[in-house]
Amino acid sequence: MGTVSKALSLLALFNHGRLEMGLSELTRLSGMNKATVYRMMTELQAAGFVEQMNGDRAYRLGPEVLRLAALREAAVPLLSVSRDVLRRLCDETGETSHMSIQRNGQLTTLTHAYSSHHGTRVAMEDAEILSLHATGSGLAFLAFSPEEVVTRALSAPLVKHTPQTETDPERLRHALAEAHESGIAESVGGFEADVYSHAAPIFGADQRPIGALAVAAPVSRMTAELKSRVRAALKAAALDLTQRTGGFCPPDYPGAA
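Note that the structure is a prediction, hence the values are computed from the model and not measured.

1. Let's talk about the environment of Q243
Then, number 1: For Q243, the location among the structural elements is in helix α9 (residues 224–244).
Then, number 2: Classification of Q243 as exposed rests on a relative accessible area of 62%.

2. What about the confidence of the model for the chain?
Then, number 1: Of the residues in the chain, 98% reach a pLDDT of 70 or more, and the chain-wide mean stands at 91.
Then, number 2: The secondary structure element of the chain with the lowest average pLDDT is helix α4 (residues 63–75), at 80, and the one with the highest is helix α6 (residues 136–143), at 98.

3. A look at the nonpolar core
Then, number 1: In terms of nonpolar packing, the biggest core is built from 46 residues, with L89, M99, L142, L176, L213, L234 and L241 touching the most fellow members.
Then, number 2: By residue number, the principal contributor to this core is α9, which donates seven residues.
Then, number 3: When sequence neighbours within four positions are dropped, the list of residues in contact with L241 reads V81, S82, V85, M99, I202 and L213.
Then, number 4: One finds L10, L13, L26 and L44 within the second-largest nonpolar core, a separate group that totals 14 residues.

4. Structural notes on α6
Then, number 1: With respect to burial, α6 is a largely interior element, eight of its eight residues being buried.
Then, number 2: Inspection of α6 places G136, S137, G138, L139, A140, F141, L142 and A143 among the buried residues, and these make up the whole buried set.

5. Looking at unusual backbone geometry
Then, number 1: One non-glycine residue with positive phi stands out, namely D194, at about 70 degrees.
Then, number 2: Inspection of the secondary structure assignment puts D194 in the loop between β6 (185–188) and β7 (195–203).
Then, number 3: A relative accessible area of 59% places D194 in the exposed class.

6. What about the side chain of S137?
Then, number 1: You can see S137 is positioned in helix α6.
Then, number 2: Beyond its immediate chain neighbours, meaning those up to four positions away, S137 contacts H98, S100, L107, L130, A199, A212 and A214.

Definitions and cut-offs
Within any chain, residue numbers begin from 1 and follow the written order of that chain's sequence. Since the coordinates come from a predicted model, pLDDT governs what is reported: local features require at least 70, and pairs of side-chain atoms require 80 or more to be given and counted, while whole-chain, interface and lining totals use all residues. Note that water and hydrogens are dropped before the side-chain values are worked out from all heavy atoms of the structure. Secondary structure counts use DSSP, requiring at least four H or I residues in a row for a helix and at least two E residues in a row for a strand, with both numbered from the N terminus. Each residue is placed in one exposure class: buried if its accessible area under a 1.4 Å probe, protein chains only, is under 20% of its type's maximum, exposed if it is over 50%, and partly exposed if it falls in between. The pLDDT value tells you how sure the predictor is about a given residue, anywhere from 0 up to 100. The criterion is simple. A nonpolar core is a set of buried Ala, Val, Leu, Ile, Met, Phe, Trp, Tyr and Cys residues joined through side-chain atoms within 4.5 Å. Contacts: residue pairs with any heavy atoms within 4.5 Å of one another.

Here is the structure:
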């Protein structure tokens, strides 16, 4: 590796489980010799990418990382990034895709994309409020939310939107456990009759879900082959969107690096 690549690889060693590291740990994890690591970290510290506080020998990420993160956020806002991901997801699945975010305790559709593969498709509306207990997006969001969020959502009156809407808290908790294990939530006719939706959570910088990415198709079109294709494409797209917007998947999310 070149000098720049080596320095960047040292920064990449920091994560939620290693917010601070000493020289010995950085040397062990990087596989470089101690003198090289020390020289790299000294240069990174001088540039503001890492810092040592109050005489502590451990390094942590410095303020220059925050400045660049702020510029990245300004240059690539969530809406434009999500639209790019949704377009690719539509092309891969041939079905309607949409992205929702959590605002004030509610899950709201931010944007959506339609595929031209079929004349019949699931219609969406931006700014539509999605039921947490009756949609794939809501279940995906709750599956990785803190217990207090789940309890609050399932303790509220659960509206039965269609004859297929599940309103039993215990059965919903079972669905959440399955979604947590696979990373993908499903809803069949729960919010709209004859709509089969799959959804995966999108995570923020604190490893908590900020919303969900979903693919919705008519029930009659959801074959085993399409279901497998949707789940694979959706998982990859959700991980990509999380990463591109500065988020981090929790350690227990299936497929997280």
